[in-house]
Each structure stands twice: as C-alpha cells, then as structure tokens.
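Coordinate inspection notes
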Amino acid sequence: MADQQEEEDLRMALRMSMQNSPPEPKRSKPREAANLAATTTTPEGSRRLQRELMAAAAEKRMLAAYKSVPASSSAVKSERRGDLGRKEMEIKDKEVNLGNELSEEEAYQLFLMVFGSGVSKDILAQWSNQGIRFSPDPETSMGLVQHEGGPCGVLATIQAFVLKHLLFFPDELVKAAQSVPQNFSSSRLSKNQYVASNNFAAFTEDAKARALVKSMGEILFLCGNNKRVVIATLGSIGHVVEVPDESPKDVIIAQALEGLSFESVSDLHKVLRVDTYTTPASAFKRLEAMIPVFQSRMGALLFLISALLSRGLDCVQADRDDPNLPLVTAPFGHASQEIVNLLLCGQAVPNVFDGRMDLGGGMFLKGISTNVEVGFLTLLESLNFCKVGQNLKCPKWPIWVVGSESHYTVLFALDTTVLDENELEERESHIRRAFDAQDQSGGGGFISVEGFHQVLRETNIRLPSEKLDSLCSSGFIVWSEFWQVILELDKSLGGLKDSSGQMGRKTFDLYHFNGIAKSDLNGSLATSGGETPIQRPRLTKLRVSVPPRWTPEEFMADVAVPSGSVGSEVAKPEHPQHAPLVDCIRTRWPRAVCNWVGDPPSIV
C-alpha cells in the first residue's frame, strides 16, 4: 500500500513537470484536494507542490531503507522487553527524528538575516551543496575540502579549531582514552612545552572525526556563551543518526536529500528542525551522531544555522553595526566577517580591531572584546583597509584564519613558541597597544598631541625636544612616523636602536592550507581525465625569518656585525620569495621574509 502511494506521488510530480495546468486532485482526499487547487493555481504554486511531493517521496524511500537495515543487538534486546519497551523506543526515536520546529517568524528572520530578500539561486546552491568533509588526498588528509565558493569562511574557521585539537591535543582523540568531555575547550600548555608532529597523514579517521566533533562543539558553546548549544538538522534526515553504525548512512541521507532545495523562507521552515542542549556531554553525543548529516551537502549551512541559533538571532543582530545587511554577501555569496567573527569569538561583530570604538553621540563600532583560541589575519590590513587587533593576531594557539578579498584559508605553526615574543616584539607590542588605545580614527594610525603625550608616559619613551616638536608640528601624530623615530632612538631612551644588530632575530616554520578543490561537479569544469580536480587542496610549508635589522633590505645586505657581538656576520636566509600570503604574514611579523619550495601558496 505504501509503495502504491509513493508511486502515485511520483507520477503526480512527473505530470506536473510536463504540463502547465495543475493536475486533477485525488478524489479519495477531498480536503487535500481543496488545498491542492488553492496552491496550484499559479506556476509558482505548482512548482512548490512538485518539490513537496518529491521531498515526501524521498523521505519515504529513506524510511524504507532505514527499515531494511538489520536490527542491532540493542534492538533485539528492546524487542524482548515487550510492547512497552518498543513504545518507549518509538517515542524516543520520534523525538530525535523530528526535533523542534522554528516558528514562521523565526524562520523568516533567520533566512533574511543570512541571505537577504534578493538572494540568487546560485548563492543558495553554493550554500546547500557544501559538506564538512576531510580531504581524500593523503598529504592534505587533515584538511577540510571545499567545492563551493561561498562557505569558505565557515569551513576555514572549523578547520582552524580542528587543527588545534589534532596538533596539540592528540592524546584526547584516542578512542580508548576518550570519554564524554565536561567541556569542549582545552587548557593551554605552558610556554616552550610543545611541538606538534608534522606527520599529517598519520591521523586516523577516528581521530579526525573526534577532532571535528570537539571543534564544532567548542564553537557552538562559544556562540552560546558556554550555556547552551542549538543543533540544526532537517526533519527528513534527523532520525538517520539512530541507524546502526554498520549501515550506509551517507547513502541514506543522500537519497533523502534528492530533490530538496532552499529557494524561499517557506522551504526552510518546512524542513528545518532544531534541538537545544545545555551540557557538553549531551551536545557531544548529539554532534557525534550527527557527523554523517554534517558531511552531507547541507552540512556547512546547517552548522552556520546552528551557530546563529546558539547565539540567538536577536543577539546576533545586536552584535552587528548594520543588521539590515545579509550575513552572506552579494554578488558571490561569500561569508561576511561577521560570520567568521561569530565562529572565532562567539559574537557576530563586523570589525577586527580590539574592543569598541566610540564615535561620539552614543554611537560606537564593535570589535573583538576578548582573546581567542585561534586567530585571524587578513590581506586587507596590508592594503590599509583595516587594522587587526592583538586579540586576533595573538591567539592562544599558533593558528590563524587568513582572509583575502574573496577567500578564507588557514595558517598554522607546529611550535607553540612561535607565539612567544622576543625583546623587540614585546617592546613593539607594548608601544603599539598604548598608541592604539589613543587612536580614534578607526585604525587609521594617527592620534592627537594630547594622546601622544599619554603614550610617551605609559611607555617611558624620552624623545629629544627636536624630535618631539617635529612629530607634534602638524597637530596629530602618525604611527609610521612615530615608529621610525622609535627605531632610531637608543634603547636607553626607550627606543629600539640596538648596536649589536641582534635584537629581534627570529626564524620559524609556518604551514598554509587552502582547502579549495574545484572539480567537474556540474559538467562545466571537466579536465582531460574527467575526474581530476582542477585545483586540489594544498598544503605549503614556509620558512619565515624575522631579520634583526629594521628592513628586509638591510637584513639581506652583507653587513658585518659590530665587534663585541657573537659571530662575524648576520646570518642570512635564502633569497626571499613573495606572494600575497607574505603580506598577510607581515601584518603579524612586520619584517618577515619567507621561502618555500614549489609553487607559491595561494590565498584565493
């Protein structure tokens, strides 16, 4: 009987796709027939009904597949407990499968907040066809692979947290030692304590899955102010998580998602289901079971929705400077800085500077208010479009999401001492923080004369009168001019001039991961082989040298070290190489020069 019903629904959907007029309603269901006639009087209504019928048929196919799965030992035990036990299991399954519906108002607010009112079908397709999956390539198997252009901000941020757990907490990912965590975050190791392994191919599938679960849970609890987590799923696939482990969940989910698309608020409202968890243990268990769902083509969008709902839609709007703009930006569907900041620090603020900037008259701009686990660097800072604050530049772990004009990637180090500041960096950071505290220009890099005198007092800098008068002559002080004076000022007066030429010398390795892999998904990007991606996920190792002299040119010059210093000549790296990523790195280490083997790393 069920098969006949399914066949009848499919035949009706097929007829609707081949004709302009609505089909004749079923005589056996007069009430539904009235509704059908009302909703199919227009081509748009006809298409909507067609999608509903196809989705219903897909759900029935998935339910049939679910019922065909061999019963597990736990199911056999429940059968032995009799009818009462079976009823209890059915009630439990129903709760897991369906979850809670959002109200129409919440669904409308969510859709408009994310996509706006004029979103294109291409952008919706990008965000509904990106799963959260690890790369199949052995050399990049620890990285999440990206096929669509829009959701890179979500994937890169998750990737940064995944690397944190894989690299610096591998023992917590061992299944034998794994227990349900009391919290998702991990305490920081002491300085000079840990260097992670560079054998990225050695991570097991189980360890990567656990790192992904811990990362998603950590991010969602961060969004929920460590009080709650909201996990979003789809009504037609929510119960798949209860299928025994040996069943092909990915196949069942893929079948259930056939014909499902988001083209309007009503589409989202009909299928979206959410559950709220207030303890790490319950959230971890649910996320672990939901991995196949997040791996599906709806994974990235469902995780973004989970983060927004965990924060609370009203709180997200309060975080933003302009809540009228969509979080997914037109015309290419990229994740906004607000989305990236939400996942990094738990607040959907639009700026990357520290704290907030008072504009006067009760108006202010919101930035990053606390130190973060993993950080953020951007090419836009090297172009003087923004100023990244110390909270994002100096995270707890040596991992950074890297932003360009159109893409997000990840930069990381294996050695935690990369974060340690040497004498030059500590002094520079101290002076820069004091200067930025007086900067009310939105990161423009200039302060008032009154604020400048406050900086000199806080940093114990004693400028000669002629230098002081020169800097203050225009009525405001520019950071670049002030910094040049500091570099030429002797250490005894609070400057950074070092006669030995050794202060600030530093060499270390960084790794850059770009997860984009555009392949022949739609028939338009085919290569000669037909299956080989045009661009595969890529991992690049960079040797970074921060020179002891003040410019890379001085460092590369063959300058003898003054007598009394160690060695006879300043050590020099290989000839420096350049790529846009180097400009990003220099926003964190201003005098850095970089080298790598092979093609230059790409941040687009």
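Here, the structure is the one placed above.
Here we summarise the structure given alongside this text. (Residues numbered from 1 in each chain as written. Predicted model: local features only at pLDDT ≥ 70, side-chain atom pairs only at ≥ 80, totals over all residues. Heavy atoms only, no water.)

1. Some remarks on the overall build of the protein chain
- The helix and strand tally for the protein chain stands at 23 helices and 15 strands.
- A burial count over the protein chain gives 50% of its 604 residues as buried.
- If you take every contact in the protein chain between residues at least 6 apart in sequence, the share linking residues at least 24 apart comes to 69%.
- Total accessible area computed for the protein chain in this model is approximately 28700 Å², and 52% of it derives from carbon and sulfur atoms. (Helix = DSSP H or I, 4+ residues; strand = E, 2+ residues; numbered from the N terminus. Buried < 20%, exposed > 50% of the residue type's maximum accessible area, 1.4 Å probe, protein only. Contact = heavy atoms within 4.5 Å. Areas by Shrake-Rupley, 256 points an atom, 1.4 Å probe, with all protein chains shown as cover.)

2. Some thoughts on the packing of helix α6 (residues 104-115) against helix α13 (residues 299-311)
- α13 packs onto α6 with a crossing angle of 115 degrees between their chain directions and a minimal axis gap of 12 Å. Compared by their axis directions, α6 and α13 come out roughly perpendicular. Regarding α6 and α13, the two cross each other, and that crossing is right-handed. On α13, the residues touching Leu110, Met113, Val114 and Phe115 of α6 are Leu301, Leu304, Ile305 and Leu308.
- For the contact of α6 with α13, the class distribution of residues is eight nonpolar, no polar and no charged. (Axes fitted to C-alpha atoms, helices over the stretch in contact; angles between N-to-C directions. Parallel < 35°, antiparallel > 145°, perpendicular 65-115°, else oblique. Left-handed = near helix turned anticlockwise from the far one by under 90°. Nonpolar A, V, L, I, M, F, W, Y, C, P; charged D, E, K, R; others polar.)

3. Concerning the packing of helix α8 (residues 152-168) against helix α15 (residues 337-345)
- Between α8 and α15, whose axes approach to 9 Å, the crossing angle comes to 20 degrees. Considering the angle they form, α8 stands roughly parallel to α15. Crossing of α8 over α15 shows right-handed handedness. On the side of α8, the interface is formed by Gly153, Val154, Thr157 and Phe161, while α15 contributes Ile339, Val340, Leu343 and Leu344.
- When grouped by side-chain class, the residues that make up the contact of α8 with α15 number six nonpolar, two polar and no charged.

4. Re the environment of Ile339
- As for its placement among the helices and strands, Ile339 is situated in helix α15.
- In sequence terms Ile339 and Val328 are eleven residues apart; their C-alpha atoms lie 8.3 Å from each other.
- Among all residues touching Ile339, those that are not within four sequence positions of it are Val154, Leu304, Leu327 and Val328.

5. A word on the pattern of salt bridges
- This structure, assessed with the given rule, holds 19 salt bridges.
- Among the ionic pairs, Glu218 bridges to Lys164, the shortest N-O distance being 2.7 Å. Taken together, the positions of Glu218 in helix α9 (residues 205-223) and Lys164 in helix α8 put the pair 54 residues apart, joining distant regions of the chain. There is no split in this pair, since Glu218 and Lys164 are both buried.
- With a closest N to O distance of 3.0 Å, Arg210 and Asp206 form a salt bridge. With Arg210 and Asp206 both in helix α9 and four residues apart, the pair spans about one turn of that helix. (Salt bridge = Lys/Arg side-chain N within 4 Å of Asp/Glu carboxyl O.)

6. Points about the nonpolar core
- Among the nonpolar cores identified, the biggest contains 100 residues, and Phe303, Leu308 and Phe412 are the most heavily contacted of them.
- Element by element, the count of residues in this core is highest for α8, at twelve residues.
- Those residues in contact with Phe303 that sit more than four places away from it in its chain are Ile132, Val154, Ile158, Met216, Ile219, Leu220, Phe294 and Leu343.
- Counting 23 residues, the second-largest nonpolar core is a separate cluster that includes Val546, Trp589, Ala592 and Trp596. (Core = buried A, V, L, I, M, F, W, Y, C linked by side-chain atoms within 4.5 Å.)

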